[in-house]
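# Report on the structure
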Amino acid sequence: MNRPNPLPDHSRSFRTSDRRRFLGSLATALGAPLVFQDLLLKTGIFPSALAQEALLKGWPGKEELRMLSDKPLNAEATAKLLDDEITPYSRHFVRNNGLIPDRARQGTLGDWSLTIDGEVNESLKFDLDALKDTFSPHEAALVIECGGNGRAGYYPKVGGNPWTLGAVGCARYRGVRLKDVLRHAGVKSSAVYIGYYGEDLTLSRESGKFPISRGVPIEKALDENTMLAWEMNGKPLPAEHGFPLRLICPGWPGSTSGKWLKRIQVRDQIHDGTKMTGTSYRVPKHPVAPGAKVPTEDMQIIQTMPVKSIITHPETGNSSQNGRNVRLRGHAWSGKGRVARVDLSYDFGATWTQASLSNPVNAFAWQRWELGLKLPVTGYYEIWARATDITGGMQPMLVPGWNPKGYLNNAAHRIAVRVA
Ligand SMILES: Nc1nc2c(c(=O)[nH]1)N[C@H]1C(S)=C(S)[C@@H](COP(=O)(O)O)O[C@H]1N2
Ligand SMILES: [Mo]
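It should be emphasised that the depicted structure is a prediction, and the values quoted were computed from it without experimental measurement.

### Describing the nonpolar core
Taken as a class, soluble globular proteins show a tendency for nonpolar side chains to be buried jointly. The biggest cluster of nonpolar side chains holds 35 residues, and the ones touching the most others in it are Ile 116, Leu 131, Leu 182, Ile 194, Leu 228 and Leu 245. Sorting the residues of this core by element identifies β4 (114-118), β5 (124-126), α4 (128-134), α5 (178-185), β8 (193-198), α6 (218-221), β9 (227-232) and β12 (261-267) as the ones contributing at least two each. Looking at this core element by element, the count peaks at four residues for α5. In contact with Leu 228, not counting residues within four places along its chain, are Leu 114, Arg 174, Gly 175, Val 176, Leu 178, Val 181, Leu 245, Arg 246, Leu 247, Leu 261 and Ile 264. Formed by 20 residues, the second largest nonpolar core is a distinct cluster that contains Val 307, Ala 385, Ala 387 and Val 417.

Spelled out as structure tokens, the structure:
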């Protein structure tokens with residue numbers, strides 16, 4: 001049986017700063033090396049005094065995030081940190097499968113180029129200036145959400161990073177449309193899929209191996225919202241997010257948005273790169289019992305991400321500042337297109353009130369929702385938010401269908417509020 005998603009859970013608000021203080025005092029009490037019991041903190045280079053130090057301080061520039069591991073770097077936001085319309089760099093989650101390339105760390109282009117090859121009339125190579133000069137610029141605010149966001153809610157537990165709800169962000173990107181670049185090379189009628197190749201190294205630095213190499217069907221690659229980006233929030237793409245160039249396939253699992261891009265291969269068959277096969281980014285074709293072993297041939301590639309929303313204010317566990325009047329806000333998004341409505345409940349789903357919902361600034365940006373609720377009496381409340389998209393897709397209240405890798409948990413977000 002699936003259990004309800006764990007929540008108004010106050011251990012969730014056990015913040016990085018608290019953990020640091022706790023670990024700090026523990027380290028002082030026991031002396032290094034400290035053996036971590038905390039499953040949420042795992043690292044490739046542990047135990048070592050330096051690594052402990054790095055973890056306790058947080059990732060430079062992203063100290064507010066909850067760090068799941070530092071090698072590879074994996075870090076997520078809390079709901080409160082996602083309150084901005086446009087997620088700043090410091091609050092945007094990071095999901096790496098391998099090591100950040102030296103070129104990105106140094107922020108120097110050197111001999112970098114992007115190759116387009118495969119099922120095209122002419123293979124092409126661009127440096128960054130050539131990309132900027134050849135195609136018209138494209139700018140958009142786009143949600144990137146990891147397919148495993150919410151994984152920690154599945155029971156029985158599944159392997160992989162235990163993301164809660166912060167492996168999502170909506171930043172503003174500048175670059176070019178992928179379709180313009182592909183059309184320039186001339187897409188052959190044999191093209192069915194693209195595969196990306198990045199410059200990141202596997203954890204063991206094996207040459208010729210890629211930590212991840214995924215892609216999308218050619219129709220998605222040619223969609224007007226799919227882009228190659230060299231800027232995030234008005235600055236060159238940061239090291240962690242794919243400097244100098246990344247792919248963004250909005251509405252699809254974050255894993256399709258290749259970072260540190262070097263090559264896009266246009267293919268006459270589905271891509272077979274690292275993490276395209278087996279159980280990676282795949283879910284059962286038919287519903288399975290929790291904990292079931294699913295044969296590979298019964299798994300299918302995840303396409304669009306489901307409708308979802310988050311309550312970014314107030315923070316769970318807080319007391320209302322305004323007596324029985326509580327102002328709530330957050331964001332909603334869907335890989336299927338626009339969100340049509342967001343409803344909130346303070347009585348465990350017995351009644352619902354529709355929130356006001358703004359239009360997205362562009363396709364695949366998240367949408368702000370807001371609602372003022374007057375709670376009937378003082379006391380403790382759970383507040384639930386549930387989004388519905390234009391296809392009629394609606395968030396489930398409980399954790400949806402279990403799957404072997406714990407993808408696509410779009411259960412409604414619930415917070416606790418105390419009214420004095
Ligand atoms: N080259 C490369 N691209 C990658 C990855 C990676 O490890 N290497 N991780 C993918 C995954 S699983 C996700 S969810 C997104 C995360 O993007 P972000 O770190 O900018 O938030 O990048 C994707 N692109
Ligand atoms: Mo991901």
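So, next bit.
### Notes on the side chain of Asp 117
Here Asp 117 is to be found in strand β4. The buried category is assigned to Asp 117, whose relative accessible area is 15%. Here Arg 263 takes part through its side chain, which lies 3.1 Å from a polar atom of the side chain of Asp 117. If sequence neighbours within four positions are ignored, Asp 117 has contacts with Ser 123, Arg 263, Ile 264, Gln 265 and Val 266.

### Digging into the sheet that holds strand β22 (residues 379-389)
Sheets are built from strands that pair by backbone hydrogen bonding, the pairs being arranged parallel or antiparallel. If you walk across this open sheet you meet the five strands as β16-β23-β22-β18-β19, and the pairing is mixed. With partners counted over all chains shown, the strands left at the sheet margins are β16 (318-319) and β19 (353-354), one partner each. Taken together, the six bridges between strand β18 (residues 339-345) and β22 define a ladder with antiparallel strand orientation. Bridge assignment links Val 342 to a residue of β22, and that residue is Ala 387.

### Structural notes on the packing of aromatic side chains
Aromatic ring pairs are defined here through the distance separating the ring centres and the angle between the ring planes. In total, this model carries eight aromatic pairs according to the counting rule given. Between Phe 93 and Trp 163, the ring centres sit 6.2 Å apart and the planes meet at 80°, which makes this aromatic pair edge-to-face. Here Phe 93, found in the loop between β2 (73-76) and β3 (94-95), pairs with Trp 163, found in the loop between β6 (137-145) and β7 (168-177); they are 70 residues apart in sequence, far enough to count as distant. The class of Phe 93 is buried, set by a relative accessible area of 6%. Take Trp 163: its relative accessible area is 0%, and that puts it in the buried class. One cation-aromatic arrangement involves Lys 62 over Tyr 89; the distance from NZ or CZ to the ring centre is 4.1 Å. It is Lys 220 that lies over the ring of Phe 364; its NZ or CZ is 4.9 Å from the centre.

Basis of the calculations
Residues numbered from 1 in each chain as written. Chains lettered and ligands numbered in written order. Predicted model: local features only at pLDDT ≥ 70, side-chain atom pairs only at ≥ 80, totals over all residues. Heavy atoms only, no water. Core = buried A, V, L, I, M, F, W, Y, C linked by side-chain atoms within 4.5 Å. Buried < 20%, exposed > 50% of the residue type's maximum accessible area, 1.4 Å probe, protein only. Helix = DSSP H or I, 4+ residues; strand = E, 2+ residues; numbered from the N terminus. Contact = heavy atoms within 4.5 Å. Polar contact = N/O pair within 3.5 Å; in protein donor to acceptor, adjacent residues only side chain to side chain. Pairing = 2+ DSSP bridges. Phe/Tyr/Trp six-rings, centres within 6.5 Å; stacked < 30°, edge-to-face > 60°. Lys NZ or Arg CZ within 6 Å of the ring centre and 35° of its normal.

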